[in-house]
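A structural walkthrough
So you can see what is in the structure, the chains are spelled out below.
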Amino acid sequence: MSRRTTVLTDDLYDYFLEVSLRESDVLRRLREETARLEKAQMQISPEQGQFMTLVVKLIGARQALEIGTFTGYSALCVAQALPDDGKLIACDIDEEWPSFGMRYWAEAGVRERIEFRSGPAIETLSDLIHEGLEETFDFIFIDADKRGLDDYYQMSLRLVRRGGLIAVDNTLWHGKVADDAVHDDDTMAIRGFNARVIDDDRVDLSLVPIGDGLTLLRKR
Ligand code: SAM
Ligand code: CA
């Protein structure tokens, strides 16, 4: 009986993918094209994408929001889990990277489900609040600049419905959060978020050690 999370060696990780990863052809091609970009490491891993697809289906989400889209891999994972009349609002400060992913969204038949909004996330989230969309989202994925994390989390708590889910990416931050010698702004932002959220009684939570750490927070 195991008392801690199993560490994934390279061999075990290969096995894990071999026996559980079901990545569609469209997702694989989007990942391969993204891999040629300098910033490719920003994309979530395929097993995390598959996990998010499953979670979004499990909670029966219809309205979803993504903060930080990059080339659209995670957006496609979420959108394909929504019903035909479901909607994902995906936002990014950059317009070029998401436009790259839009071709794949179309190919996967989910382009109509995704509304892309460009601009700083803080402005997009304020707009959504002013449009009367508080407490309407079933699922929100936070994966933009880490310095904005606290603001994105507080605004997401207003936008998500009771019983809805917020997923915060990179909460293990390649181990830097647990290294006292590291004090850069991004690490401090994630470390601070992790330290505060464990005492946040507005949510139930679990930090899932998949990808670079994915904290799931269910609004009470
Ligand atoms: N979720 C994406 C995926 O898995 O493929 C990866 C997102 S990437 C880690 C972070 C994204 O946040 C980048 O595309 C970047 O342009 C965007 N970003 C950075 N600062 C932002 C801001 N202030 N507002 C909105 N998006 C921002
Ligand atoms: Ca990420």
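Residues numbered from 1 in each chain as written. Chains lettered and ligands numbered in written order. Predicted model: local features only at pLDDT ≥ 70, side-chain atom pairs only at ≥ 80, totals over all residues. Heavy atoms only, no water.

**Observations regarding the packing of aromatic side chains**
Basically, it comes down to this: Any two rings among Phe, Tyr and Trp, with Trp reduced to its six-membered ring, count as a pair given centres within 6.5 Å; such a pair is stacked if its planes are under 30 degrees apart, edge-to-face if over 60, and tilted if neither. Here a helix means four or more residues in a row that DSSP labels H or I, a strand means two or more in a row labelled E, and each is numbered from the N terminus. Each residue is placed in one exposure class: buried if its accessible area under a 1.4 Å probe, protein chains only, is under 20% of its type's maximum, exposed if it is over 50%, and partly exposed if it falls in between.
Tallied over the full model, the rule gives three aromatic pairs. For the pair Tyr13 and Phe16, a centre-to-centre distance of 6.1 Å together with 40° between the ring planes defines the contact as tilted. Taken as a pair, Tyr13 and Phe16 lie in helix H1 (residues 10-20) at a separation of three residues, close to a single helical turn. Note on Tyr13: relative accessible area 28%, which makes it partly exposed. Phe16 gets classed as partly exposed once you look at its relative accessible area, which sits at 27%. Aromatic side chains Phe70 and Trp97 sit 4.9 Å apart centroid to centroid with 80° between the ring planes, which places their arrangement in the edge-to-face category.

**Focus on a negative patch on the surface**
Put simply, the rule reads: Each patch is built from residues that are more than 30% exposed by relative accessible area and take part in no salt bridge. Like charges join if they lie within 9 Å; nonpolar side chains (Val, Leu, Ile, Met, Phe, Trp, Tyr) join within 5 Å. We get accessible surface area from the Shrake-Rupley algorithm with a probe of 1.4 Å; when it comes to residues, only the shown protein chains can shield them. The salt bridge definition used is simple: a Lys or Arg side-chain nitrogen within 4 Å of an Asp or Glu carboxyl oxygen. Working convention for charge: Lys and Arg count positive, Asp and Glu count negative, and His plus the chain ends are omitted. By convention, the charge on Lys lies at NZ, on Arg at CZ, on Asp at CG and on Glu at CD.
Together, Asp10, Asp11, Asp14 and Glu18 give the surface a local cluster of negative charge. Positionally, Asp10 belongs in helix H1. Relative accessible area serves as the criterion here: at 63%, Asp10 is assigned to the exposed category.

**With respect to the coordination of the calcium ion (ligand 2)**
Filter applied, for reference: Shown as donors are all N, O and S atoms within 2.8 Å of a metal ion, widened to 3.2 Å for Na, K and Ca; because water is not in the atom set, sites may appear incomplete.
Those donors, Asp143 (OD), Asp143 (OD), Asp169 (OD) and Asn170 (OD1), are the protein atoms that reach the calcium ion (ligand 2), and they lie 2.2 to 2.8 Å from it. One chain supplies every donor for the calcium ion (ligand 2), spaced along it as D-x25-D-N. In this pair, Asp143 is assigned in the loop between strand S4 (137-142) and helix H7 (149-159) and Asn170 in the loop between strand S5 (160-169) and helix H8 (185-197), connecting sequence segments 27 residues apart. By relative accessible area, Asp143 is classed as buried at 13%. For Asn170, a relative accessible area of 12% translates into the label buried.

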